[in-house]
Amino acid sequence: MKKLFNLLVASTIVLCSQAQTNSAGKVTGSIKDGGQQKIIDAASVSLLKAKDSSLVKVAVTDKEGNFTIDNVKEGAYLVLATSVGHSKTYSKTFIISESQSTANVGVLQLVPQDKSLAGVTVTSKKPFIERKIDRTIVNVDAAVSNAGTTALEVLEKSPGVTVDKDGNVSLKGKAGVNIMIDGKPAYLTGQDLTNLLKTMPSTALDQMEIMTNPSAKYDASGTAGIINIKTKKNKQKGFNGSVSSSYGQGFYARNNNSLNLNYRNGKFNLFSNFSASFDKSYQDLYILRKFKDGNGNVERIFEQDAMMYRKNHNYNGKIGLDFYATKKTTIGFVLNGFNALHVQDGLNTTYFYNGAKVLDSIAVAKNNEDGPWKNGSVNFNYRHTFDSTGKELTMDADYVNYSSGRTMDLLNSYYSGNWQQRGGDNLVGDLPTDVNIYTFKMDYSQPLKKGIKLEAGIKSGYVNTNNTAGYFNVVGGTKLVDPKKTNHFKYKENINAAYLNLSKEIKKWGLQAGLRMENTNNSGNQFGNPIYSDSSFKNSYTGLFPNVFVSYKVNDKNQLSFSYGRRIRRPDYEDLNPFLFFIDNYTYEQGNPFLQPSIANTLEASHTYKDFLTTSVNYTHTRALFTEVFEPNGNAIVVTHRNYGSSDNASFSVSAQVQATKWWMFIPYAEVNYSSYKGNFTSGSVNVDATNFALNINNQFTFKKGWSAELSGFYRTKGIEAQILIHPLGQLNAGVQKQVLKNKGTIKLNVRDLLKTMTPHGEINIQSTDASFSQRRDSRVVTLSLSYRFGKPIKGVQKRKTGGAGDEQNRVKGAN
């Protein structure tokens, strides 16, 4: 494999050195004022790809209102024209080819905006959902009900996305989603990732990009695909910004505040975002466990009711600088960080019955957790454009740190069936975690002969985690180490990657093929104590991940596409730790150092009609599948992860954006998903399948005098994942907003989970144990928010080129 890696890198260098640019043709036209037919000089002209509206080149009209864009390679395009004080307009789609090397789009008319808006900062309203050829884009601010929410709550209502009762994210019915933030992997998993998404207020978010079959340019991690969360970054020239605040009231109150600032002038662009949020919530978890003997008769019953109260204080900050050293070279840095304090108080009451449902004993556990959670990161980036043909080199270097100082205090009291106290104990824990990440990434792109575009790059990333779980029994006021529960685990991981991607447009066809290679090296060390000896493991493997994408434009109304991709899902860091983690006296969690990565092969085909109706079929086969399993151990349940077999997942989805009336936009998404799981656990085999249906509807209403409203919601029928059956679940949201302060301010009022139907409940089937659960949380919240935009951008400034569809605006900066 090392020879293959060297060959791939060497071939990339040779291709880059021998590549020649393609100057197939040019685009011309002129722009006039649609009202008075006056010439408009210094108007911005953007050349966009017809298939996905991604930016190719920009130009500015001359004193006569004319423009010319040279060195345009073969393909289908359209032109976007904009000017201050006018509404934007688009040209018709046109083709550049060897036989038609020049395209004249004619005169584009820009309609003047209402004079009453003179001197006002005009912001165009983006649709809530945008459908691109290779991704779905969720514009966070476009939905009224997103005000006062978090990143996790925005994901919960996004089409095709599922968030379970523990905050784990699935895409089109499949677990294993790679969550990225501004193009960088989050590097966190499980509860740590959930906590991170809960600390990110929606006011700091710009878009969410959902990709079920990403190209070879992206990390291969994530068998279900990638969700890229893009935070806000303003590039308008001059000083401008926005401030927002919201107050939400559920059973408890919550508050979100944010400030966005941007200053760009000359060679510098300084941008920043600061936010603070405070909330209190509750969760009521009910679990019923029935333990059976060898004949299937119930011999013991555990009935558990856990009430948890949570307080969260989150502070987030980002500041960055772009230095435009020359017209072709940009150097920048970004500092990111957050400081979050999570406090949880719990009361857990467990009732123990015999097989005849006679109460035998009771256990009451009072638990307090204090979880300070901090993050800091720094990114240095470099971008150089060699010429106007699209030859470009980018480099990124990142350092990221996550640290937690979580502590816990658990007081257990034991009673007889008639509440006579029998005894008790006190367990405290000191549970610090430290994660350090170092990454470097370099990407190169260049047009070749005959309209072929080459993209190539390398990545290398190092991750070091240090987890300590120190448990102490408190006896007579003295803390005594509990060696059965105490452990110290260190984990190291290095991933090296290289990719090569080629794309070309041939008349109505769009072709793209890529190959990515990733080499993974990891090791873990479980330190010993007086009871347990040291243990360690090492693992190294290399994988190839091909990707193919084909599109065909049948006519102006119909477009077909097909894609294939191979992806990987690596075990989470903590899932490899072999020590037994203490959750409560009847629930433990244990890692598995022998877990192997899952490999998924995905096929997807889609049809788009008139750019508003999209139907798609998706099929994924996953081997070496691993999942959370529940295994009985005496009176307790051990939660662990195991490779148990394979899964097949097939889905059919339909999405549309229907302009029902001038004031009503109807955005439905419907999906039918079939899942099949086959394999073997230590407690038995599994061979289950199920079909479920998901419906996501968003209604956007636009009225006169700055009023608008939203009515949205989702519903999912029951579904399965290995041993877990989840019953139907749904949510209804509503909101209204009003533009105020000369359209610089926005007031929003919304209600989430209006009918309070977000109550996950389901069943877990273990060989000798049947378990069911239900969960209630503070999900119905009424939120009032106010946002205000200030500053005035300088006119006539070209926007910095961001690459295809804007997804590289915050470039990929790391390796998983």
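Residues numbered from 1 in each chain as written. Predicted model: local features only at pLDDT ≥ 70, side-chain atom pairs only at ≥ 80, totals over all residues. Heavy atoms only, no water.

What to know about the overall build of the chain
Consideration 1: When helices and strands are counted, the chain shows three helices and 46 strands.
Consideration 2: Rg of the C-alpha trace for the chain: 28 Å, near the compact-globule value of 28 Å for 816 residues, within the 12% margin.
Consideration 3: Each principal axis of the C-alpha distribution contributes one length, and for the chain these read about 95 × 65 × 45 Å.
Consideration 4: Every one of the 816 residues in the chain was classed for burial, and the buried ones make up 52%.
Consideration 5: Contacts in the chain between residues at least 24 apart in sequence constitute 66% of all its contacts with a sequence separation of at least 6.
Consideration 6: As presented, the chain carries roughly 35800 Å² of accessible surface, and 57% of it is formed by carbon and sulfur atoms.
Consideration 7: Distance between charge centres in the chain, computed from 97 positive and 68 negative side chains, equals 9 Å. (Helix = DSSP H or I, 4+ residues; strand = E, 2+ residues; numbered from the N terminus. Rg over C-alpha atoms; globule rule 2.2 N^0.38 Å. Buried < 20%, exposed > 50% of the residue type's maximum accessible area, 1.4 Å probe, protein only. Contact = heavy atoms within 4.5 Å. Areas by Shrake-Rupley, 256 points an atom, 1.4 Å probe, with all protein chains shown as cover. Lys, Arg positive; Asp, Glu negative; His and termini not counted. Charge placed at Lys NZ, Arg CZ, Asp CG, Glu CD.)

With respect to the packing of aromatic side chains
Consideration 1: Scanning the entire structure with this criterion turns up 22 aromatic pairs.
Consideration 2: Here Phe251 and Tyr252 contribute two aromatic rings whose centre-to-centre distance is 5.0 Å and whose plane-to-plane angle is 80°, an arrangement assigned as edge-to-face.
Consideration 3: Taking relative accessible area as the criterion, Tyr252 reaches 17% and is therefore assigned buried.
Consideration 4: Each ring, one from Tyr399 and one from Tyr438, has its centre 5.1 Å from the other, and the planes form 40°; the classification is tilted. (Phe/Tyr/Trp six-rings, centres within 6.5 Å; stacked < 30°, edge-to-face > 60°.)

Brief notes about a nonpolar patch on the surface
Consideration 1: A cluster of nonpolar side chains, Phe239, Val243, Leu259, Tyr263, Leu270, Phe274, Ile319, Leu335, Leu741 and Tyr788, forms an exposed patch at the surface whose accessible area comes to about 840 Å².
Consideration 2: Taken together, the elements giving at least two residues each to the nonpolar patch come down to strand E17 (238–249), strand E18 (253–265) and strand E19 (268–292).
Consideration 3: Of note, Phe274 is situated in strand E19.
Consideration 4: On the basis of relative accessibility, which here comes to 39%, the residue Phe274 falls in the partly exposed class. (Patch = residues over 30% accessible without salt bridge, like charges linked within 9 Å, V, L, I, M, F, W, Y side chains within 5 Å. Salt bridge = Lys/Arg side-chain N within 4 Å of Asp/Glu carboxyl O.)

Some points on the environment of Thr759
Consideration 1: Mapped onto the elements, Thr759 comes out in the loop between strand E43 (745–752) and strand E44 (761–766).
Consideration 2: Along the backbone, Thr759 and His727 are 32 residues apart, and their C-alpha atoms lie at a distance of 9.6 Å.
Consideration 3: Ignoring sequence-local partners within four residues, the contact set of Thr759 consists of Leu729, Gln775 and Arg776.

Points about the sheet that holds strand E14 (residues 184–185)
One key point about sheets: their strands pair by backbone hydrogen bonds, in either a parallel or an antiparallel sense.
Consideration 1: Taking strand neighbours across the sheet as the criterion, the six strands line up as E9-E10-E15-E16-E13-E14 in an open arrangement whose pairing is mixed. The sheet is open, and its two borders are formed by strand E9 (129–131) and E14, each paired with just one other strand.
Consideration 2: With five bridges connecting them, strand E13 (residues 177–181) and strand E16 (residues 225–231) associate as parallel partners. What sits directly across from Ile181, in E16, is Ile229. (Pairing = 2+ DSSP bridges.)

Here we look at helix H3 (residues 190–199)
Consideration 1: Among the residues making up H3, those that are buried are Leu193, Thr194, Asn195, Leu196, Leu197 and Thr199.
Consideration 2: In this fold, the buried residues of H3 make contact with helix H2 (151–156), E13, E16, strand E20 (298–324), strand E21 (329–354) and strand E23 (392–416).

Considerations on the sheet that holds strand E8 (residues 102–110)
Consideration 1: With mixed pairing, the three strands of this open sheet are ordered in space as E4-E1-E8. Only two strands of the sheet have a single neighbouring strand rather than two, namely strand E4 (66–72) and E8. Averaged over all neighbouring strand pairs, the angle between strand axes comes to 20°, with direction disregarded. (Axes fitted to C-alpha atoms, helices over the stretch in contact; angles between N-to-C directions.)

A look at unusual backbone geometry
Consideration 1: With phi around 70°, Trp419 is a residue other than glycine that occupies positive phi space.
Consideration 2: As for its position among the elements, Trp419 is in the loop between E23 and strand E24 (421–447).
Consideration 3: For Trp419, a relative accessible area of 44% gives the class partly exposed.
Consideration 4: Of note in the backbone geometry, Asn743 takes a positive phi value of approximately 65° without being a glycine.
Consideration 5: Mapped onto the elements, Asn743 comes out in the loop between strand E42 (729–740) and E43.

As for the side chain of Gln700
Consideration 1: Note on placement: Gln700 falls in strand E38 (residues 684–702).
Consideration 2: Given the relative accessible area of 8%, Gln700 is considered buried.
Consideration 3: At 2.6 Å, the side chain of Gln700 and the side chain of Asn698 are in polar contact. (Polar contact = N/O pair within 3.5 Å; in protein donor to acceptor, adjacent residues only side chain to side chain.)

A short note on the nonpolar core
Consideration 1: Counting residues in each nonpolar core, the largest one holds 46 residues, and the members touching the most others are Leu197, Met208, Ile227 and Tyr402.
Consideration 2: Beyond its immediate chain neighbours, meaning those up to four positions away, Leu197 contacts Thr150, Ala151, Leu152, Leu155, Ile179 and Ile229.
Consideration 3: Core analysis: the second largest hydrophobic core is formed by 19 residues, Ile31, Ile40, Ile69 and Ile96 among them. (Core = buried A, V, L, I, M, F, W, Y, C linked by side-chain atoms within 4.5 Å.)

A short note on the pattern of salt bridges
Consideration 1: For the coordinates displayed, the defined rule picks out 22 salt bridges.
Consideration 2: Notably, a salt bridge pairs Arg777 with Glu156, separated by 3.1 Å at the nearest N-O pair. Placement of the pair is Arg777 in strand E45 (residues 769–777) and Glu156 in helix H2, with a sequence separation of 621 residues.
Consideration 3: Residue Arg777 is classed as partly exposed on the basis of its relative accessible area, which comes to 25%.
Consideration 4: A residue is classified by how much of its surface remains accessible, and Glu156, at 6% relative accessible area, is buried.
Consideration 5: In this structure, the salt-bridge partner of Glu710 is Lys157, at a minimum N-O distance of 3.1 Å. Within this pair, whereas Glu710 is found in strand E39 (residues 707–716), its partner Lys157 is found in the loop between H2 and strand E11 (161–163), the two being separated by 553 residues in sequence.
Consideration 6: Taking relative accessible area as the criterion, Glu710 reaches 2% and is therefore assigned buried.
Consideration 7: Lys157 sits in the buried class, given a relative accessible area of 4%.
Consideration 8: Overlapping salt bridges bring together Asp219, Lys459, Arg516, Glu518 and Arg570 as one network.

A short note on the pairing of strand E25 (residues 452–475)
Consideration 1: As defined by bridge partners, E24 adjoins E25 across 19 bridges and the pair is classed as antiparallel. Within E25, the residue paired with Phe440 across the bridge is Ser460.
Consideration 2: With antiparallel pairing between neighbouring strands as the criterion, E24 and E25 make up a hairpin whose turn holds four residues, including Lys450 at a positive phi of roughly 60°.
Consideration 3: Relative to strand E27 (residues 487–506), E25 runs antiparallel, the two sharing 18 bridges.

Quick word on the environment of Ser87
Consideration 1: Of note, Ser87 is situated in the loop between strand E5 (75–82) and strand E6 (89–90).
Consideration 2: Between the alpha carbons of Ser87 and Arg716 there is a distance of 40 Å; along the sequence they are 629 residues apart.

Topic: the environment of Phe291
Consideration 1: Here Phe291 is to be found in strand E19.
Consideration 2: By relative accessible area, Phe291 is classed as buried at 2%.
Consideration 3: With 479 residues separating them along the chain, Phe291 and Asp770 place their C-alpha atoms 6.7 Å apart.

Details of the pairing of strand E33 (residues 598–609)
Walk down a regular strand and you will see the side chains alternate between the two sheet faces.
Consideration 1: Taken together, the 12 bridges between strand E30 (residues 558–569) and E33 define a ladder with antiparallel strand orientation. Across the sheet, Ile568 pairs through a bridge with Ile599, a residue of E33.
Consideration 2: Taking the residues between adjacent antiparallel strands as the criterion, E33 and strand E34 (residues 613–633) are bridged by three residues, where Lys610 takes a positive phi near 55°.

Quick look at the confidence of the model for the chain
Consideration 1: Averaged over the chain, the pLDDT score is 85; the fraction of residues at 70 or greater is 90%.
Consideration 2: Per-element averaging of pLDDT across the chain places helix H1 (residues 2–18) at the bottom with 38 and E33 at the top with 95.
Consideration 3: Predicted confidence is poor over residues 1–23, with pLDDT under 50, and the contacts of this stretch with residues over four places away or in other chains come to 38 contacts.
Consideration 4: Segment residues 795–816: pLDDT under 50, and 80 contacts once partners within four positions in sequence are set aside and those in other chains are kept. (pLDDT = per-residue confidence, 0-100.)

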